[in-house]
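# Structure at a glance
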Amino acid sequence: MAEGGLSVEFPGSLKSSTLPPPRTRIFKIIVIGDSGVGKTCLTYRFSAGKFPEKTEATIAVDFRERLVEIDGENIKIQLWDTAGQERFRKSMVQHYYRNVHAVVFVYDVTNAASFRSLPAWIEECKQHALGTEVPRILVGNKCDLQDSIQVGTDVAQQFADAHSMPLFETSAKNPNGQGDGSFGGGNSDHVEAIFMTVAHKLKSQKPLVLSQPPVGSGGTINLSRGMNGGGDGARSWGCSSC
Ligand SMILES: Nc1nc2c(ncn2[C@@H]2O[C@H](COP(=O)(O)OP(=O)(O)OP(=O)(O)O)[C@@H](O)[C@H]2O)c(=O)[nH]1
Ligand SMILES: [Mg+2]
C-alpha cells in the first residue's frame, strides 16, 4: 500500500488502484478590525497556543493555520490575520475577501474608538459582496484589562444583536479568565472555543460543494456553498456572549 493511501480491489478487475488520502477541508476565516485591537495576538493564540511575547503592526496579511478534527473529519482552519492600518491594507484588500467562509470582527474593550469603527468594517465586507450568509462573529478583546474597560457588554451585545452576530468577550493574553473568573469560561481556553465554534458552524452548514483543486495547487480545496446553503443567518447559530 502506498504511504498514506488506500489500496482497493475493484470487483472484476485484476488491477488495484491507490486512492489518495481523504481530503482536508480548509475553512478560510478572516480577522478584521482596527490596528492594535489584538488580531495578531488572537490568531497566534489559537494557532500556537500562547500569547506572543511581542507583536508589530501587521503588514498586509499573515496566515496562521491549525489542523483540527471535528466529528472525525480533518479540517484546516486558516486564519487570515489582516492589517488594521489602512496604509498596510490597500494592496491586499481584494485578496482578503475572496472565498471567505467566515469573518471575525475584533474590537478592543478598552478602546471605544475601535468599537465605533465596526460599522465601517462591516460596510467594507458588504462592499466585497460578503453578506449575512457568511457567518460573522464579534469579538471584544483585552478583557483582562478590567480597570480600563470603555465598551460595556450591554452596548456591545446590542450592537451584535442589531447585526445578527454572536458576541464573545475575551482576552488573547489571559484566555482562561485566570484571576477573576469573570470571563473566559472557567478552565477552558476561551480563544480556542471561539474559533472552534466558528469551525463547527461552518462544518454544519450544508450543502458544501467540494471543487477539485487546480493542478499544482498543492492540494488546496475551494469550498463554495450550494445555492441554498447558509441561509439561516448568523442569529440562528446562537449567541455565545460571555
Ligand atoms: N492586555 C492585553 N493586551 C493585548 C491583548 N491582545 C493584544 N494585546 C496587545 O495589544 C497590542 C496590539 O496587538 P496586536 O495583536 O499586534 O494588534 P493587531 O490588531 O494585530 O494590530 P495591527 O496588526 O496593526 O492591525 C500588543 O501590544 C499586544 O501585546 C489582550 O488580550 N490583552
Ligand atoms: Mg496584527
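Below you will find a few notes about this structure. (Residues numbered from 1 in each chain as written. Chains lettered and ligands numbered in written order. Predicted model: local features only at pLDDT ≥ 70, side-chain atom pairs only at ≥ 80, totals over all residues. Heavy atoms only, no water.)

We now examine helix α7 (residues 190–204). Its 15 residues give α7 an end-to-end C-alpha distance of 21 Å, which sits within 8% of 21 Å, the value for a rise of 1.5 Å per residue. Listed in full, the buried residues belonging to α7 are H190, V191, I194, F195, M196, V198, A199, K201, L202 and K203. (Helix = DSSP H or I, 4+ residues; strand = E, 2+ residues; numbered from the N terminus. Expected span 1.5 Å × (residues − 1). Buried < 20%, exposed > 50% of the residue type's maximum accessible area, 1.4 Å probe, protein only.)

Below, the discussion takes up unusual backbone geometry. Excluding glycine, a negative phi dihedral is what most residues carry, and trans is how most peptide bonds are arranged. Not every positive phi belongs to a glycine, and D71 is a case in point at roughly 50°. The residue D71 is located in the loop between β4 (61–70) and β5 (73–82) in this model. The class of D71 is exposed, set by a relative accessible area of 68%.

Attention shifts here to the site of ligand 1. Taken together, 21 residues form the shell around ligand 1, and within it S35, K39, T58, G84 and D144 come nearest. Within the backbone of V37, an N or O atom sits 3.3 Å from an oxygen atom of ligand 1. One nitrogen or oxygen atom from the side chain of D144 is found 2.8 Å from a nitrogen atom belonging to ligand 1. Protein burial of ligand 1: of its 650 Å² of free accessible surface, 84% is covered by the chains. At three residues, helix α1 (residues 39–48) tops the list of elements feeding residues into the shell around ligand 1. Residues belonging to the shell around ligand 1 are distributed by class as follows: seven nonpolar, nine polar and five charged. (Near = heavy atom within 4 Å. Polar contact = N/O pair within 3.5 Å; in protein donor to acceptor, adjacent residues only side chain to side chain. Areas by Shrake-Rupley, 256 points an atom, 1.4 Å probe, with all protein chains shown as cover. Nonpolar A, V, L, I, M, F, W, Y, C, P; charged D, E, K, R; others polar.)

What follows covers the packing of α1 against α7. Interhelical geometry of α1 versus α7 gives an angle of 90° and a closest axis separation of 9 Å. With respect to their mutual orientation, α1 and α7 come out roughly perpendicular. Two secondary-structure elements touch here, α1 through L42, R45 and F46 and α7 through V191, E192, F195 and M196. Of the residues contributing to the contact of α1 with α7, the split by class is five nonpolar, no polar and two charged. (Axes fitted to C-alpha atoms, helices over the stretch in contact; angles between N-to-C directions. Parallel < 35°, antiparallel > 145°, perpendicular 65-115°, else oblique. Contact = heavy atoms within 4.5 Å.)

Take the packing of aromatic side chains next. Enumeration over the complete set of coordinates arrives at five aromatic pairs. Measuring from centroid to centroid gives 4.5 Å for F63 and W80, while their planes differ by 90°, and the two rings are edge-to-face. Of this pair, F63 sits in strand β4 while W80 sits in strand β5, placing them 17 residues apart in sequence. You can call W80 buried: its relative accessible area is 11%. One aromatic cluster is present, formed by Y107, F115 and F159 through successive ring pairs. Lying over the aromatic face of W80, K28 brings its terminal NZ or CZ to 3.6 Å of the ring centre. (Phe/Tyr/Trp six-rings, centres within 6.5 Å; stacked < 30°, edge-to-face > 60°. Lys NZ or Arg CZ within 6 Å of the ring centre and 35° of its normal.)

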